[in-house]
Structures are given as C-alpha cells and as structure tokens.
Amino acid sequence: VRPDARGLGAARIAFATVFLLRTTVLSGSGTLLGWPEPGWHPVIGPHLPDPIVIALCLLRTGCAILFLVGVRARIAGAMAGICGYLVLAQNPVTYLQSTHLLYQGAILFAFTDAGARFAVRPDRPGASDGLFLARGWLASIYAWAGIAKLRADWLDGRALELLHHDGALRGWLADLVTATATSRAIAACGIAGCELLLGPLLLWKRTRTVGIALAVALHLGIAVAARAEAFSWAMLALLLVYLPTSREDPALWARRSTSASAG
Amino acid sequence: MPTAEDRLTRRIALILVALAIPLASRVGGSGRFAWTMFSQTSRYRIRIEAEGRDGVRRIISPSALASAVSPSVRFAFAGAEAWRQASAAESVLAPRVPEIAQLSCRVLDARSVIVRFDRQADLDAPITSSTVEERCAP
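Participant: Got a sec to walk through the overall build of chain B? Specific residues and values, please.
Facilitator: Looking only at helices and strands, chain B has 4 helices and 4 strands in total. The N-to-C order of helical and strand elements in chain B reads α-β-β-α-α-α-β-β. Computed over C-alpha atoms, the radius of gyration of chain B comes to 20 Å, more than 25% over the 14 Å expected from 2.2 N^0.38 for 138 residues, which places it beyond the range of a compact globule. With respect to the three principal axes, the spread of C-alpha positions in chain B is 80 × 35 × 25 Å.

Participant: Please give an account of the state of the cysteines that cites residues and values.
Facilitator: Following the criterion strictly, the structure yields 1 disulfide over all chains and no others. Residue Cys105(B) pairs covalently with Cys136(B) via a disulfide, S to S 1.8 Å. One disulfide, between Cys105(B) and Cys136(B), carries an S-S torsion of -70° and so falls in the left-handed class. Placement of Cys105(B) in helix 4 (residues 97-108) and of Cys136(B) in the segment after strand 4 (127-135) is noted, with a sequence separation of 31 residues between them. Grouping residues by exposure puts Cys105(B) and Cys136(B) together as buried. Cys57(A) carries a free sulfur, and the closest cysteine sulfur to it, the one in Cys83(A), is 9.0 Å from it.

Participant: With reference to specific residues and values, describe the packing of helix 9 (residues 181-203) of chain A against helix 10 (residues 208-225) of chain A.
Facilitator: Residues and elements named next belong to chain A. One way to put it is that helix 9 packs onto helix 10 with a least axis distance of 8 Å and a crossing angle of 145°. Crossing hand, helix 9 versus helix 10: left-handed. Within the contact between the two elements, helix 9 uses Ile191, Cys194, Glu195, Leu198, Leu201, Leu202 and Leu203 and helix 10 uses Arg208, Gly211, Ile212, Leu214, Ala215 and Leu218. By residue class, the composition of the contact of helix 9 with helix 10 is 10 nonpolar, 1 polar and 2 charged.

Participant: Before we move on, can you summarise helix 11 (residues 229-238) of chain A with the specific residues and values?
Facilitator: All names here are of chain A. Among the 10 residues in helix 11, 8 count as buried, and that is most of the element. Taken residue by residue, helix 11 has Ala230, Phe231, Ser232, Ala234, Met235, Leu236, Ala237 and Leu238 as its buried positions. Elements in contact with the buried residues of helix 11: helix 1 (5-23), helix 4 (97-109), helix 5 (131-148) and helix 10.

Participant: Can you lay out helix 10 of chain A for me, pointing to particular residues and giving the numbers?
Facilitator: Residues and elements named next belong to chain A. Between its first and last C-alpha atoms helix 10 spans 25 Å; for 18 residues at 1.5 Å apiece the expected length is 26 Å, and the two agree. Within helix 10, the full set of buried residues consists of Arg208, Gly211, Ala215, Leu218, His219, Gly221, Ile222, Ala223 and Ala225. Each element contacted by the buried residues of helix 10 is listed here: helix 5, helix 8 (171-177), helix 9 and helix 11.

Participant: For the interface of chain B and chain A, give the residues involved together with the corresponding values.
Facilitator: One widely used convention gives an interface's size as the accessible area the parts lose upon coming together. Every contact between the two is made by 47 residues of chain B and, on the other side, 51 residues of chain A. It is Arg10(B), Trp35(B) and Met37(B) that lose the most area in chain B upon contact with chain A, and together they represent 23% of the buried surface on that side. Between Arg158(A) and Asp124(B) there is a salt bridge whose closest N-O contact spans 2.9 Å. The interface formed by chain B and chain A includes 22 residue pairs in polar contact (both at pLDDT 80 or more). Mapped onto the side of chain B that touches chain A, the elements with two or more residues apiece are helix 1 (4-28), helix 2 (74-77), helix 3 (87-93) and helix 4 of chain B. Considering every element that reaches the side of chain B that touches chain A, the biggest residue donor is helix 1 of chain B, with 13 residues.

Participant: Tell me about the confidence of the model for chain B, and name the residues and values.
Facilitator: Taken over all residues, the pLDDT of chain B has a mean of 91, while the share at 70 or more is 99%. This prediction of the complex comes with two scores: 0.91 for pTM and 0.89 for ipTM.

Participant: So, the packing of aromatic side chains: which residues are in play, and what are the values?
Facilitator: Counting across every chain of the model gives 9 aromatic pairs over all chains. Ring geometry for Tyr95(A) versus Phe33(B): centroids 5.5 Å apart, planes at 85°, classification edge-to-face. Separated into two different chains, Tyr95(A) in the loop between helix 3 (73-89) and helix 4 and Phe33(B) in the loop between helix 1 and strand 1 (43-52) make up a pair that spans both. The class for Phe33(B) is partly exposed, based on a relative accessible area of 29%. Seen in terms of ring centroids, Trp137(A) and Trp35(B) are 6.3 Å apart; in terms of plane orientation they differ by 75°. Their pairing is edge-to-face. In this pair, Trp137(A) sits in helix 5 while Trp35(B) sits in the loop between helix 1 and strand 1, so the two residues belong to two different chains. Chaining the aromatic ring pairs together yields one cluster made of Phe15(A), Phe67(A) and Phe109(A). The ring of Trp154(A) has Lys149(A) lying over it, and the distance from NZ or CZ to the ring centre is 5.3 Å.

Participant: Before we move on, can you summarise the sheet that holds strand 1 of chain B with the specific residues and values?
Facilitator: Residue and element names in this part refer to chain B. What the 4 strands build is an open sheet, ordered 2-1-3-4; its pairing is antiparallel. Only two strands of the sheet have a single neighbouring strand rather than two, namely strand 2 (57-60) and strand 4. Ignoring which end each strand starts from, the neighbouring axes of this sheet average 20° apart. The sheet strands contacting helix 4 are strand 1, strand 2, strand 3 (110-120) and strand 4, and the helix crosses strand 3 at an angle near 140°.

Participant: Give me the pattern of salt bridges: which residues, what numbers.
Facilitator: All names here are of chain B. Scanning the model with the defined rule gives 16 salt bridges over all chains in all. The salt bridge partner of Arg58 is Asp54, with a shortest N-O separation of 3.1 Å. Look at Arg58 and you get partly exposed, because its relative accessible area is 40%. A salt bridge links Asp118 to Arg116, with the shortest nitrogen-to-oxygen separation between them at 3.1 Å. Arg116 sits in the partly exposed class, given a relative accessible area of 30%. Salt bridges sharing common partners tie together Arg47, Glu49, Glu51, Arg57 and Arg111.

The rules behind these values
- Residue positions are given per chain, counted from 1 along the sequence in the order it is written.
- To read the labels, note that chains go from A and ligands from 1, taken in the order they are written.
- In view of the model being predicted, local features appear only for residues whose pLDDT reaches at least 70, and side-chain atom pairs are presented and counted only at 80 or more, with totals across whole chains, interfaces and linings using the full set of residues.
- Hydrogen atoms and water are omitted, and side-chain values are computed over all heavy atoms in the structure.
- By the criteria applied, helices consist of DSSP H or I runs no shorter than four residues and strands consist of E runs no shorter than two, each listed in order from the N terminus.
- Radius of gyration here uses only the C-alpha atoms, and the compact-globule reference equals 2.2 Å multiplied by the residue count raised to the power 0.38.
- Criterion for a disulfide: a pair of cysteine sulfur atoms at a distance within 2.5 Å.
- Only protein chains enter the accessibility calculation, which uses a 1.4 Å probe. A residue is then buried if its area is under 20% of the maximum for its type, exposed if over 50%, and partly exposed in between.
- Lines fitted to C-alpha atoms define the axes here, with helix axes fitted over just the stretch in contact, and angles between the N-to-C directions of these axes take values from 0 to 180 degrees.
- Handedness of a crossing is defined here by the sense of rotation of the near helix relative to the far one, left-handed for an anticlockwise turn of less than a right angle and right-handed for a clockwise turn.
- Contact between two residues is taken to exist if any of their heavy atoms lie within 4.5 Å; hydrogens are not considered.
- Under the convention adopted here, Pro, Cys and the residues Ala, Val, Leu, Ile, Met, Phe, Trp and Tyr are nonpolar, Asp, Glu, Lys and Arg are charged, and Gly plus all remaining residues are polar.
- Here the expected span of a helix is defined as 1.5 Å times the quantity of residues minus one.
- Here's the idea: put two parts together, see how much 1.4 Å probe accessible area each one loses, and the total over both is what we call buried area.
- Any Lys or Arg side-chain nitrogen found within 4 Å of a carboxyl oxygen on Asp or Glu counts as a salt bridge.
- Residues adjacent in sequence count toward polar contacts only when both atoms are side-chain atoms; beyond that, a polar contact is any pair of N or O atoms within 3.5 Å, and within protein one must be able to donate a hydrogen and the other to accept it.
- Per residue, pLDDT captures the predictor's confidence, and it can take any value from 0 to 100.
- Centre distance within 6.5 Å is the pairing criterion for rings of Phe, Tyr and Trp, where only the six-membered ring of Trp is used; planes under 30 degrees apart are then read as stacked, over 60 as edge-to-face, and the remainder as tilted.
- Ring-over charges, as used throughout, are those where CZ of Arg or NZ of Lys falls within 6 Å of the ring centre and within 35 degrees of the ring normal.
- Strand pairing follows a simple DSSP-based rule, namely that at least 2 bridges must link the two strands.

What follows is the structure, given as structure tokens:
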C-alpha cells in the first residue's frame, strides 16, 4: 500500500463516523434518517413502497458501517451514498447540505484509495490514490460557497441579520457578529473572502498549513453559531485528506524508509 | 504508475462533482447542489383561500394542512402564511402547488380552493407567484 493513502484512510474513518452519527438513531431522532412516515410528502421520481425505503435505509446504514471499518470500503461507500440519495428523493423537503455532502463524499471516496489504509480488509490500491480528486473536490466546495455569497444581500450583512432573526444563528458568537450593521457587513465580507481564499490556500503546498488552520476556525465558528454540527464535522473530517503525504513530508518519508530497512 | 483509463475516470469524476453538478444547480436550478453554505436567503409564503360547502370564502392558514402531511414536512407549512426561509422546502414545494391544492381540498372539506405560492430568490429579487384553483370533489 502506497503511503499516500494515509490521509485518505483517516478521512474515511472520520467521515464515515459523521455519516453514521447523522443518519442513524445516534443523531437523537429515534429512527434512521428518511424512514417512511405517514402523510403527504413531495417525492422526486417514482414513489417507492415503504418496505423498499426501509430496505434502503438499512442498506445505507450497513454499508456505512462497512465503509467505516474498512471492509470492501470502496463498494460500501458508494452504496451508502447511492442509497442515501434514493431515500432523500422520497422526501426532498428534508434536504440539507450536510446530507448531500455525506452522500456525495461517500460515493467519491470509492474513486480513491481511502479503503486501502486503516481498514479491517484493505481494498487493493488502485493505479493512483485519487488524492487529487478528494483534495480538488473539497477545495471546490469552498470556492462555490464563496461564489454563492457574492450577492448584495449577503455582503451588506442583511442575510446574516435574517439568519439571526430566524434563529438559524444563535449564541454568543452569533450575537456578537450580528450586533450592528457594520459588524454584520464585516463578518459577511470576511466569511465570503475566507471561503474564496481557502481553495487556493489548501491546494498550494506552501500555504496549506494556513489554509487548514483557517478552515478549522471557519468550521468551528459555523458549528458554534449556526449549530450546523454535522456539516462542520464532515468538512473537518474531509480536511484530513490534506495531511501531508510521504512525498510531501520528507521527514516522514525518511522515517518510513528507515523502519522498512530495519524490518 | 496510474493507467490512462484510471486518470481519465478520476478527472471525469472531479469535473462532475467540482464543476458540472454545482454549476448546473446554480445556473439552471435552485442552487441546492452548489454548496451555498448557509448563504441562501430565498423565501416563500403560501396563501390558501377555501370556499366552504356553505359557499363562504375563507383564508386558511397553511398550518391547517399539518395533520395531513408527514411529520418531517410539517415545518414547511407551519406559519407559511408569512414569509418562511427554508430553501429546500421553497424549491421543492414551488412546482407542487397543484398537489398542495388537492391536499387542501381533502383536508379542508371545501368546495374549491385557491392556492397561491409566492417566492423570492433572495432579498433583492422580485417576488414571483404561482396560483392554482382546484375544484374539490363533492
């Protein structure tokens, strides 16, 4: 197994943990996410019978567990994500960016060597580790988030005021940020600027440490102020793909070479 | 060494998830798949006017439909006579006004209903409305 898969393997475990925390009874909801309910709800695509939706919920959970422990992680991750989307299509009103992030991420890990490290039954490594794919995807999320905020109603702070008024932003940090029109505008511009910068900071090796620190601060801020824990934890888990590979960290490479020679 | 096929597959996957899906969602859809990350200010409101069996027209709160919808969907109707900010609900419910009208017929035991769905893409965007009138089954 090539050493570059270390960050991918760590990210897989952390990401799958958030996946299970968000989609199972561990979330505190009492049922699996998307479990059939009585009553009218909009559906995208064909209306699946309840037993099929139940089977998809169970399959999603089983695959997520295999994805976590690393047993056929490639297939398990992809299946968990696909089942997640099929269940979500049965009640799209419940869509959250965190669920989309978890489902798409689980599918995307199937294209990488994430299941080749820290796994009970490691996947056979592919011809390349797919690290650029995971890193590029994460950087693109920040870029799109920054682009989405290049609007007058975000940059002048009105969106933050509305979110605070509706209770989507709560707590001491939210109160502080939204206290005045000036503080709202500064915070709004700062968040948009930070997100636009994060992609390049993370992708460029020389600024990666600064990028990771900024991203961690941003997600901890979101977790505290917006109570969007699942999204924040999933993003923090994904940041592990930026752990230096052996090629990027010569000291680590030297230690591995030494231990391999000794072995 | 990576094979050419392997490289191509991953490049296509990256283009799809990092560019094509978010761009298509942003340009042609609701932006739900474009990683807006808590920035959406789109909102909606629902106005339901029902004509009872007695021929009297009344404005009904969308909360009245709560008993007939799934528990996880109730939040989308509760208090929706005033502006609600819930981007997923807004984009999912907007094309389903006829279904909401049929649902209103069932729940309200009305002769006819008129459902108007107003939406605003952001705080500076114009308000757009769609209205459906439904004759309820006797």
